[in-house]
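Residue-level listing of the chains:
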Amino acid sequence: MRHAVSRAAALQGVELLAAGEDVAALLGSHNPSASERVVLFDNVAHYRYRLRVGAGEHDVVTLHRVVKEDWPWWPSRASRAVFMVHGDGWGFEAAFLSSAGSAHVPPEQSLAAYLAKEGVDVWGIDLRWAGVHQDTQDFRFMKRWTLETHASDVGVGLGVARLMRLAGGNFQGTMHLMGWSRGAVVSYAYLNQEARLPRTLRQVDGFIPVDMAVRFAPEHAQQQQWACERYAALSEARQEGQLEGGLLGPAPGVMLQTMGQLAALQPNEPSPLVQDDIFGPGTGRPTNRKLAIVAAGATSVLSAPLQPIVPAYHLFGSMPDALGLPEQLTFTQDGYMFEFGQRAAPYQSLNEVVETEAWACGAIDVPYDDRLHEVKVPVLYVGAAGGVGRYGVHSVSLLGSHDVTVHIVSTLPEAAHPLDYGHADLFLADDARVRVWKPMLQWIRTH
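This text gives an overview of the structure that appears in the document. Everything numeric here is computed off the predicted structure, so don't read it as measured data. (Residues numbered from 1 in each chain as written. Predicted model: local features only at pLDDT ≥ 70, side-chain atom pairs only at ≥ 80, totals over all residues. Heavy atoms only, no water.)

**Notes on the pattern of salt bridges**
Thinking step 1. On inspection of all chains with the given rule, the structure shows 22 salt bridges.
Thinking step 2. The shortest N-O distance in the salt bridge between D205 and R199 comes to 3.6 Å.
Thinking step 3. According to the relative accessible area criterion, D205 is partly exposed, its value standing at 27%.
Thinking step 4. Here E327 ties to K290 by a salt bridge, and the two come within 2.8 Å at their closest N and O atoms. Taken together, the residues E327 in strand β11 (residues 326-329) and K290 in helix α9 (residues 288-297) connect sequence positions 37 residues apart.
Thinking step 5. For E327, a relative accessible area of 31% puts it in the partly exposed group.
Thinking step 6. The exposure class assigned to K290 is buried, which follows from its relative accessible area of 13%.
Thinking step 7. Connected through shared salt-bridge partners, R289, K290, D321, E327 and D334 make up one network. (Salt bridge = Lys/Arg side-chain N within 4 Å of Asp/Glu carboxyl O. Buried < 20%, exposed > 50% of the residue type's maximum accessible area, 1.4 Å probe, protein only. Helix = DSSP H or I, 4+ residues; strand = E, 2+ residues; numbered from the N terminus.)

Rendered as structure tokens:
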């Protein structure tokens with residue numbers, strides 16, 4: 001298996017690195033038991049491969065494969081495959097394989113595990129920043145990482161995946177590209193790159209953008225203006241020397257890790273992360289649990305004074321307290337969400353965040369959409385009513401695709417979308433298998 005991956009990597013112009021302790025170091029202390037192959041349950045296994053994609057120390061991505069096996073190290077043949085690209089904050093395992101090693105859900109209760117159990121060959125990538133160690137102090141290497149960088153890495157990952165599938169006897173069948181959140185932006189940028197190639201050299205047969213917008217419809221001018229304001233603020237931070245971070249400031253992953261850990265271990269203690277009365281005069285200092293729940297259910301609290309991508313955007317749907325602040329998660333278990341926070345990657349490069357806001361602003365030219373009209377693969381847009389939701393549908397119309405399916409997960413009337421299914425509920429909700437993953441599987445099987 002390793003020899004086959006090494007050859008596939010070489011054909012893509014990159015190098016397969018050693019496994020073992022180096023993998024654990026790359027993924028960080030939150031995943032010290034990383035190895036090349038892990039059995040998840042029954043005959044479903046998870047493989048990891050590190051690829052050097054550049055000359056620098058941090059120019060490394062990790063490829064993931066979650067698949068049924070006929071026997072150890074021998075993946076079953078599968079006519080359908082999907083390649084997943086994560087968004088901000090969390091890498092492949094935390095985003096799409098969150099059930100692995102969880103204390104709160106069964107091992108098969110995550111998207112990648114579910115699809116693999118159903119016979120789909122699941123691949124994915126940890127973008128370069130997801131492997132940057134928490135002890136890192138100098139971020140100058142991130143200065144040259146852009147949306148184009150990450151899109152090119154996705155292309156390499158797709159190439160390795162397709163070659164490995166061919167080596168395993170999968171001579172026919174599709175490779176769908178799925179991107180969640182910022183991962184959808186990277187995926188749009190990749191498809192724009194791929195559109196420059198002859199059809200015979202293109203790698204993607206279907207596209208699944210999940211809860212994200214790269215451009216807003218004319219009737220959503222306010223959201224476009226908000227993107228312009230975020231672009232201006234983040235561009236200024238970059239000009240002042242900030243190279244990592246995003247809407248939540250520098251080291252957002254470190255903050256999320258700490259918040260999740262404190263909520264899990266000391267839920268009723270006053271949070272040391274914020275000051276008194278952060279939620280209004282006389283409210284005092286929130287407990288660790290309350291801060292985490294508010295951050296999850298009203299995400300714009302953390303990004304203030306900047307406006308969120310869409311009104312009332314949130315990661316997790318929740319029920320409010322007497323002050324209107326999130327009090328109890330509706331669709332996802334508290335403990336699972338706290339665990340999710342602890343699995344955040346410590347750092348993220350800023351450039352792709354700035355470029356995404358420039359793209360959404362619309363007043364600034366970006367090199368990632370000039371050929372989107374030439375992309376004509378089938379598309380499934382999946383949105384969360386309490387996330388980006390319907391605001392992401394216009395972006396799909398920028399493609400040349402005619403076979404387009406829209407699936408917005410909603411449990412409440414439109415007026416109640418601030419309480420509805422959230423951006424991360426799509427992957428962590430107790431009923432996500434029924435509301436999200438099963439419709440996605442049905443689409444994959446028929447396209």
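Once you've had a look at it, read on.
**Considering the packing of aromatic side chains**
Thinking step 1. A complete count under the given rule lists 16 aromatic pairs for this structure.
Thinking step 2. Their ring planes at 35° and their centres at 5.6 Å tell us that Y47 and W73 sit as a pair that is tilted. One end of the pair, Y47, is in strand β3 (residues 44-52); the other, W73, is in the loop between β4 (60-71) and β5 (74-75), with 26 residues separating them in the sequence.
Thinking step 3. According to the relative accessible area criterion, W73 is partly exposed, its value standing at 36%. (Phe/Tyr/Trp six-rings, centres within 6.5 Å; stacked < 30°, edge-to-face > 60°.)

**Details of the side chain of S99**
Thinking step 1. In this structure, S99 sits in the loop between α3 (92-96) and α4 (111-117).
Thinking step 2. By relative accessible area, which is 1% here, S99 ends up buried.
Thinking step 3. For S99, the contacting residues outside a window of four places in its chain are V105, P106, P107, E108, Q109, S110, A113 and Y336. (Contact = heavy atoms within 4.5 Å.)

**As for a nonpolar patch on the surface**
Thinking step 1. There is a patch of nonpolar side chains on the surface, built from V393, V404, V406 and I408 and spanning about 250 Å² of accessible area.
Thinking step 2. Element by element, the count of residues in the nonpolar patch is highest for strand β13 (residues 404-409), at three residues.
Thinking step 3. As for its placement among the helices and strands, V393 is situated in helix α13 (residues 393-396).
Thinking step 4. A relative accessible area of 30% means that V393 is categorised as partly exposed. (Patch = residues over 30% accessible without salt bridge, like charges linked within 9 Å, V, L, I, M, F, W, Y side chains within 5 Å. Areas by Shrake-Rupley, 256 points an atom, 1.4 Å probe, with all protein chains shown as cover.)

**Brief notes about the packing of helix α7 (residues 221-239) against helix α12 (residues 351-361)**
Thinking step 1. At a minimum axis distance of 8 Å, the contact between α7 and α12 shows a crossing angle of 150°. Considering their axes alone, α7 and α12 lie roughly antiparallel with respect to each other. Of the two possible hands of crossing, α7 and α12 adopt the one that is left-handed. Across the interface between the two elements, Q224, A227, C228, R230, Y231, L234, S235 and R238 from α7 touch N351, V353, V354, E357, A358, A360 and C361 from α12.
Thinking step 2. When grouped by side-chain class, the residues that make up the contact of α7 with α12 number nine nonpolar, three polar and three charged. (Axes fitted to C-alpha atoms, helices over the stretch in contact; angles between N-to-C directions. Parallel < 35°, antiparallel > 145°, perpendicular 65-115°, else oblique. Left-handed = near helix turned anticlockwise from the far one by under 90°. Nonpolar A, V, L, I, M, F, W, Y, C, P; charged D, E, K, R; others polar.)

**With respect to the pairing of strand β2 (residues 37-41)**
A regular strand carries its side chains on alternate faces of the sheet.
Thinking step 1. Taken together, the four bridges between β2 and β3 define a ladder with antiparallel strand orientation. Residue pairing for β3: V38 is matched across the bridge by H46.
Thinking step 2. If you look at the hairpin formed by β2 and β3, you'll find two residues sitting between the two strands, and D42 has a positive phi there, around 45°. (Pairing = 2+ DSSP bridges.)

**What to know about helix α15 (residues 432-446)**
Side chains that are three or four residues apart share a direction in an α-helix, a result of its 3.6 residues per turn.
Thinking step 1. Between the first and last C-alpha of α15 there are 20 Å, a value that for 15 residues agrees with the 21 Å anticipated at 1.5 Å per step.
Thinking step 2. Helix geometry: α15 is bent most strongly at K438, by close to 30°, with proline P439 lying one to four residues after it.
Thinking step 3. Restricting attention to buried positions, one finds in α15 the residues A432, V436, W437, M440, L441, W443 and I444. (Expected span 1.5 Å × (residues − 1). Bend = angle between axes of the 7 residues up to and from the residue.)

**A closer look at unusual backbone geometry**
Thinking step 1. Notably, S181 is not glycine yet its phi reads approximately 60°, a positive angle.
Thinking step 2. Mapped onto the elements of the fold, S181 is located in the loop between β8 (174-180) and α6 (182-194).
Thinking step 3. The residue D277 is not glycine, and still its phi comes out positive at about 60°.
Thinking step 4. With respect to the helices and strands, D277 occurs in the loop between α8 (252-265) and α9.

**Concerning the state of the cysteines**
Thinking step 1. Scanning the model with the defined rule gives one disulfide in all.
Thinking step 2. At a sulfur-sulfur separation of 1.9 Å, the disulfide partner of C228 is C361. On the sign convention where negative means left-handed, the S-S torsion of about 90° between C228 and C361 marks this disulfide as right-handed. Of the two residues, C228 sits in helix α7 while C361 sits in helix α12, which places them 133 residues apart along the sequence. Summarising the burial analysis for this pair, C228 and C361 share the class buried. (Disulfide = S-S within 2.5 Å.)

**Examining the environment of F340**
Thinking step 1. Along the polypeptide, F340 turns up in helix α11 (residues 334-342).
Thinking step 2. Separated by 73 residues in sequence, F340 and P413 place their C-alpha atoms 28 Å apart.
Thinking step 3. Residues contacting F340, with those up to four places away along its chain left out, are W90, A94, W180, F316, A424 and L428.

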